[in-house]
Amino acid sequence: MNKSIYLFTGPELGEKADAINSLKNELKKACGAVDEHLFYLHETPFSQVMTILQSGTLFSNGVFAVCKESELLKTKDETELLKDWISNPSDNSILVLVSDGNKIDKKIDDLISSSNKKIFWEMFEDKKVSWLQNYFSKNGYSIDAEAIDLILEMVENNTLALKNECQRFFIIFPKEHRITEQDVEAVLVNNREDTVFTLFNEISDSSVSADKRFERGIEILHKLMSETESYSVSIILPFASCFRKLAVWHKLCPDGYAADPVEFKKSGISGATMQKIYKKAAKIWTIGQTTAVLALLAQTDIELRSGGSLLKDVLLEKMLYEITVKKGASIQNAEYD
């Protein structure tokens, strides 16, 4: 085992990116000029990565390589290539294996020291609220609780995405401005590219037919699929979060009446915008259908994470059809009541 290889897994992209940058800066401090490489293993053979690491560089003193989608490393040849490289450690090169899942193939995992492995878990809901409050405060802003709820609903569940989106407020509003729910609507809802939240909002429009909602939804889904590296983390997980909150809405409003505002706030559905969206969604999916949708999302997530499938796009399209048109039922089965 040596200090030249690291394994970073898990869905928290912001902290993971910070850890990678820290390693890179340490290598630069030790070596000076460093060649930096970023590989996606669905498009770059691992043998090519190893060739670059083994060959070194003529124009700089070190090599820093990051391999994303490392869950794809599974073959005996890949394992042997990595084992050979590890057996000849170098102080001037670092390889970071990265996966948005929580684990990779055991044969590869076993080659890496436990001190060089870390799983970056998502923050709990209460931690995300305090993280956002602190982030705005450090940059000279305050923010309403309803605005935080709406941001957390709309933005991917990791600090990297949150930072990227929140920086837009710092450009638009002057220092010491208090960010309101209306500000979030103006900046993130009305003037932004499509996200999983806008997909959920689109398919929750009970004023149009299910076929029309599916047609609109599939357009957004295709955009999201073209922009993301990991369908499970970037699409399935935030989509499931929307339906979990819909299940909470049904429990808080079993007869369609408004619940106690305090209970809404505890559940992260305190803002008027979010309540409007979930009220619409509750007219489409009953509590039973919502539960069925969550089960469908979990099953699709398992199939996507299994890797190696050439039908990932088809799986997501089928999932959206079963959610929007079949209301959580399989295409082969009757709808849930």
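Every chain's residues receive numbers from 1 upward, in the order its sequence appears when written. Totals for whole chains, interfaces and linings use all residues, but because this is a predicted model, local features are given only for residues with pLDDT of at least 70 and pairs of side-chain atoms are given and counted only at 80 or more. Calculated side-chain values reflect all of the structure's heavy atoms, with hydrogen atoms and water omitted.

(A) Region of the structure containing the overall build of the protein. By the criteria applied, helices consist of DSSP H or I runs no shorter than four residues and strands consist of E runs no shorter than two, each listed in order from the N terminus. Summing up its helical and strand segments, the protein has 15 helices and 7 strands in all. Buried means the residue's accessible area, taken with a 1.4 Å probe over protein chains only, is under 20% of the maximum for its type, while exposed means over 50%, and partly exposed covers the values in between. A buried classification covers 48% of the 337 residues belonging to the protein. Here a residue-residue contact requires only that any non-hydrogen atoms of the pair lie within 4.5 Å. Once local pairs closer than 6 in sequence are excluded, the contacts in the protein between residues at least 24 apart make up 76%. Only the protein chains shown count as cover for residues, with accessible areas throughout obtained via the Shrake-Rupley method and a probe of 1.4 Å. Here the protein has roughly 17,000 Å² of accessible surface; of this, 51% comes from carbon and sulfur atoms.

(B) Main features of the sheet that holds strand β4 (residues 93-99). On the basis of which strands lie adjacent, the open sheet formed by 5 strands has the order β2-β3-β4-β1-β5 and parallel pairing. The open sheet terminates on both sides in strands that have one partner only, identified here as β2 (34-40) and β5 (117-119). Direction aside, neighbouring strands of the sheet carry axes that sit 15° apart on average. Most of the contacts of helix α2 (residues 46-55) go to β4, to which it runs at about 155°, and overall it touches β2, β3 (62-68) and β4. Simply put, an axis is a line fit to the C-alpha atoms, just over the touching stretch for a helix, and the angle between two N-to-C directions goes from 0 to 180 degrees. Here helix α3 (residues 76-86) sits on the sheet and contacts β1 (5-9) and β4; the angle it forms with β4, its principal contact strand, is near 145°. What makes two strands pair is DSSP finding at least two bridges between them.

(C) Fine view of the nonpolar core. Here the nonpolar core consists of buried residues drawn from Ala, Val, Leu, Ile, Met, Phe, Trp, Tyr and Cys, with membership extended through side-chain atoms lying within 4.5 Å. Membership of the largest hydrophobic core comes to 61 residues, with the highest contact counts inside it found for Phe136, Ile151, Phe169, Phe239, Phe243, Trp285 and Ile323. Tallying contributions element by element places helix α11 (residues 231-252) first for this core, with 9 residues. Every residue in contact with phenylalanine 136, bar those within four places of it in the chain, is listed here: Tyr141, Ile143, Ile151, Cys166, Phe169, Phe170 and Ile179.

(D) Region of interest: the packing of aromatic side chains. Pairing of aromatic rings covers Phe, Tyr and Trp, the last through its six-membered ring, and needs centres within 6.5 Å; plane angles under 30 degrees mean stacked, over 60 mean edge-to-face, and all others mean tilted. Under the criterion given, the structure shown has 14 aromatic pairs. With 6.2 Å between their ring centres and 50° between their planes, tyrosine 6 and phenylalanine 8 make a pair best called tilted. Accessibility expressed as a relative area gives 13% for tyrosine 6, which makes it buried. According to the relative accessible area criterion, phenylalanine 8 is buried, its value standing at 7%. Each member of the aromatic cluster is reached from another via a ring pair, and the members are Trp131, Tyr135, Phe136, Tyr141, Phe169, Phe170 and Phe173.

(E) Highlighting the pairing of β3. Burial runs high along β3: 6 of the 7 residues are buried. Bridge analysis of β2 against β3 gives 7 bridges, and the strand direction is parallel. Bridge pairing links leucine 38 to valine 66 in β3. In this structure, β3 lies alongside β4, joined through 5 bridges in parallel fashion. Pairing of valine 66 across the sheet is with valine 96, part of β4.

(F) How the structure looks around the confidence of the model for the protein. On a range of 0 to 100, pLDDT expresses the predictor's confidence in each residue. On average, residues of the protein score 85 in pLDDT, and 88% of them reach the 70 mark or higher. Between the elements of the protein, mean pLDDT differs from a low of 68, seen in helix α12 (residues 261-266), to a high of 96, seen in strand β7 (residues 178-179).

(G) Seen up close, helix α6 (residues 145-154). Burial analysis of α6 places 8 of its 10 residues in the buried class, which makes it a mostly covered element. Turning to α6, its buried residues are Ala147, Ile148, Asp149, Leu150, Ile151, Leu152, Glu153 and Met154.

(H) Local environment of the environment of isoleucine 112. The topology assignment puts isoleucine 112 in the loop between α4 (106-109) and β5. Taking the C-alpha atoms as reference, isoleucine 112 lies 9.5 Å from serine 4; in sequence the two are 108 residues apart.

(I) Examining unusual backbone geometry more closely. Positive phi, normally seen in glycine, also occurs at glutamate 176, with a value near 75°. As for its position among the elements, glutamate 176 is in the loop between α7 (159-172) and β7. Of note in this structure, lysine 327 is not a glycine but carries a positive phi near 60°. Here lysine 327 shows up in the segment after α15 (312-324).

(J) Highlighting the side chain of aspartate 301. In this fold, aspartate 301 is placed in helix α14 (residues 287-305). The class of aspartate 301 is buried, set by a relative accessible area of 13%. Residue contacts for aspartate 301: discarding those within four places in its chain leaves Ser232 and Ile236.

(K) Examining the pattern of salt bridges more closely. What makes a salt bridge here is a side-chain nitrogen of Lys or Arg within 4 Å of a carboxyl oxygen of Asp or Glu, nothing more. Within this structure, the stated rule accounts for 14 salt bridges. Between glutamate 36 and lysine 28 there is a salt bridge, with its nearest N and O atoms 2.9 Å apart. Here glutamate 36 falls in the partly exposed class, since its relative accessible area comes to 42%. The exposure class of lysine 28 is partly exposed, given its relative accessible area of 32%. Several salt bridges converge on common partners, so that one network encompasses Lys24, Lys28 and Glu36.

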